Structures are given as C-alpha cells and as structure tokens.
Amino acid sequence: MPIAPYRQWTLSLPYDVRLRIGYDKKLMADVLSIFLRTVFSWQRLQARRAGIRDPRTGAITLCQRYGSILQFTPHFHSWLPDGVFYEDENGQLQFHRLEPPTDDDIDKLLLRVADRVDKLLAASEDDVIPEDDEQTLIAAQAAAVKSPLSPASTPRDESRRARCSFFEGYSLHADLAVHQNDRKKLARLVRYGLRPPFANKRLSLTPAGKSGSSCASPTTRGRPRSLKEDRARTVRVLAPPH
C-alpha cells in the first residue's frame, strides 16, 4: 500500500442482502463495486473542487463473512487513502489529502449505496441455481444471518457516533483513520480484517471435559458454547464453491 494516510470504510448490509450475496459471488462483487464507486465518486468530486484535474482513487477491500459470535454476516472493510493521487506538470505522481468526511457526507453516501444496491437486487434475477449440497448450505446460512442466541440485555447509547450512519439495515462507518507514518498500526488493522472466524485462545475445556469456545461478545452470560455448535456455525460462513 502506498505511503499515505488511510481511512477504513465499513459497509454492513440488511439480512436479505447478506443472504443473497452470500451464495452469489457475482452479486457480491456487484454490491462491492457499487459501494466503492460511490465513495470514489465523492472523493473525486472533493478533489476537483480543490483544483485537482485528474484525481485517481483506489482501495483494498476485505470481505468478512462472519461476526464475532459466528453469525453469517457478509460485510466489507475497505481501506482507502484519505485523499487522491494525481500527476503534476512533470509527470510525477503526487498525493493530495482530502478533508475527512462529515456526518452529513456519510449519511448521503449510505443513502446512495442503499438505493443503488436495492435497485440492483430488484433488477437482477436470481439465476444462480444451486446444487443440492449448496441448497443445504444456503438453508444453514439463512438460519445464521441473525445472532445464534439472544444476547443479554445491555444499556444502549443512543447518541450518534462520529462518521457512522444507519438506514434500513444498512450501515456505514468511516471514523477509523491511520496517519501516513503509522505503518505498524495500518498493518495491524489489515491483519485484523484477515483474521479467521475464531482464535485458538477462545477454545477451552468445559467442566464436563468437552471442548468448548467463548465469544468476544458472550451471548449466554459467558457460558462457553460447545465446539460442535461452533463447528456448525463455522460451516455456515463458508463461501460457495463456484
């Protein structure tokens, strides 16, 4: 990744969209393309207003198919330079830093993404005919798009977080930024996006001597789930074979 300040843009999706893109890789790519094109277009507009004639954008995206409690929830973590690249009069590549997005910017971008994704899904026919074993996986994924167990009730802060927006099951977060000289932090955050469904340190033995695992966000007052439960949920987040 070029030396530049970076910002993480995280897009989460409604339950029905998660299920559709979960077994249709082309549709997942199309949804990601809509998301990135929308943000790129906003970046280029800000750059042109600042006098940059031919701004160039780019991104690295990590698609995670699971949440912290192994629910099936495909979502995108996209790392974008917090600015644009351009060629100067000598043909040298330069970087122009943009102002961070405002809360209003995030709201408008999410509405555009949601509208375009909804139109894509409405216009696209579900022409992917799964095999029998894929049908079984899809049925399991449909059961796993929601949390496996009811979480313990916790107080909820209704105050708005900076650069976060929610709309009809869609959410967009863009408040995590990394200084251009903090390459260690950038590498750590990218590795976080590449993490597996659960870590070895979550595995443990139950009082009965059976294997179990714990969640980052316990759903049963900290009681470890059985390894069999987690295996079943891990299978559900697998990508389709095609």
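Look above for the structure.
Numbers given to residues run from 1 along each chain, matching the order in which its sequence is written. Predicted model: local features are reported for residues with pLDDT of at least 70 only, side-chain atom pairs are reported and counted for 80 or more only, and whole-chain, interface and lining totals are derived from all residues. Processing note: side-chain calculations cover all non-hydrogen atoms of the structure and skip hydrogens and water entirely.

A. Just the nonpolar core, in detail. Put simply, a nonpolar core is a bunch of buried Ala, Val, Leu, Ile, Met, Phe, Trp, Tyr and Cys residues held in one set by side-chain atoms that sit within 4.5 Å of each other. Any residue under 20% of the maximum accessible area for its type is buried, any over 50% is exposed, and the rest in between are partly exposed; the area is computed with a 1.4 Å probe on protein chains only. Of all hydrophobic cores here, the largest spans 27 residues; its most connected members are Trp9, Leu13, Ile21, Phe35, Phe76 and Val117. Going through the elements one at a time, strand 1 (6-12), helix 1 (15-22), helix 2 (25-49), strand 3 (72-81), helix 3 (103-123) and strand 7 (170-178) are the ones with two or more residues in this core. For helices the rule is a DSSP run of H or I covering at least 4 residues; for strands it is a run of E covering at least 2, with both sets numbered from the N terminus onward. With 10 residues, the top contributor of residues to this core is helix 2. In this structure, Ala4, Tyr6, Leu186 and Leu189 belong to the second largest nonpolar core, which totals nine residues.

B. Structural detail: unusual backbone geometry. The phi angle at arginine 163 is positive, at roughly 55 degrees, despite the residue not being glycine. Looking at where arginine 163 falls in the secondary structure, it is placed in the loop between helix 4 (132-144) and strand 6 (164-167). Positive phi values are uncommon outside glycine, yet glutamate 168 reaches one of about 50 degrees. For glutamate 168, the location among the structural elements is in the loop between strand 6 and strand 7.

C. Quick look at the pairing of strand 3. With 10 of 10 residues buried, strand 3 lies mostly within the body of the structure. Burial of the side chains of strand 3 extends over both faces: Phe72, Pro74, Phe76, Ser78 and Leu80 are buried on one face and Thr73, His75, His77, Trp79 and Pro81 on the other. In this sheet, strand 3 lies alongside strand 1 in antiparallel orientation, the contact comprising six bridges. Counterpart to tryptophan 9 in the pairing with strand 3 is serine 78. Pairing geometry for strand 2 (residues 60-66) and strand 3, over six bridges, is antiparallel. Looking at strand 3, one finds that tyrosine 66 is bridged to phenylalanine 72. Only when DSSP finds a minimum of two bridges between them are two strands counted as paired.

D. How the structure looks around the pattern of salt bridges. For this analysis, a salt bridge means a side-chain nitrogen from Lys or Arg found within 4 Å of a carboxyl oxygen belonging to Asp or Glu. Counted by the stated rule, this structure contains seven salt bridges. Of the charged contacts, one joins aspartate 82 and arginine 7 as a salt bridge, the two residues approaching to 3.0 Å between their closest N and O atoms. Residue aspartate 82 is located in the loop between strand 3 and strand 4 (83-87), and its partner arginine 7 is located in strand 1; the two are separated by 75 residues in the primary sequence. Neither aspartate 82 nor arginine 7 differs from the other in exposure class; each is buried. One salt bridge connects arginine 56 with glutamate 87, and the closest N-O pair in it is separated by 3.5 Å. Of the two residues, arginine 56 is situated in the loop between helix 2 and strand 2 and glutamate 87 in strand 4; the sequence distance between them amounts to 31 residues. For arginine 56, a relative accessible area of 38% corresponds to the partly exposed category. When salt bridges that share partners are traced, they join Asp54, Arg56 and Glu87 into one network.

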